[in-house]
Amino acid sequence: MEPFRSRLAGNLSGGMKQKLALMCTLLHHPRVLFLDEPTNGVDPVSRRDFWAILYQLVRMGLRLSSRLRIWTKRNDAIASG
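All figures in this text were calculated on a predicted structure; none of them were measured in a lab. (Residues numbered from 1 in each chain as written. Predicted model: local features only at pLDDT ≥ 70, side-chain atom pairs only at ≥ 80, totals over all residues. Heavy atoms only, no water.)

**Thoughts on helix α2 (residues 44-59)**
Given a rise of 1.5 Å per residue, 16 residues ought to cover 22 Å, and the 23 Å separating the end C-alpha atoms of α2 matches this to within 8%. For α2, the complete set of buried residues consists of Ser46, Phe50, Trp51, Leu54 and Leu57. Axial view of α2: buried residues confined to an arc of 130°, hence all on one face. Seen from the open side of α2, the exposed residues pointing more than 90 degrees away from its buried face are Pro44, Arg48, Tyr55 and Arg59. On its buried side, α2 packs onto α1 (14-26), β1 (32-36) and β2 (63-67). (Helix = DSSP H or I, 4+ residues; strand = E, 2+ residues; numbered from the N terminus. Expected span 1.5 Å × (residues − 1). Buried < 20%, exposed > 50% of the residue type's maximum accessible area, 1.4 Å probe, protein only. Arc of directions from axis to C-beta. Contact = heavy atoms within 4.5 Å.)

Okay, structure coming up:
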């Protein structure tokens, strides 16, 4: 996040906003973190980076609970009727 210090939060990409939100949450040193679709709408590279950060936090002892919705082409077919 260091290269983005001078950028306003509203001007960050979706993935960077998610990382910023995670950083703000971690300022309070939670023991448990509950996430609801944390990478929804985020590009694949940012998604991979975000999950790498989360895995590192889990290795450091943070407990993590996350809800994910896996959307596939089958779901698209069902949604479109």
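**Considerations on α1**
In this model α1 runs 19 Å from its N-terminal to its C-terminal C-alpha over 13 residues, within 8% of the 18 Å that 1.5 Å per residue would give. Buried within α1 we find Gly15, Met16, Lys19 and Leu22. Projection of α1 onto a plane perpendicular to its axis shows the buried side chains occupying an angular sector of 120°, all on one side.

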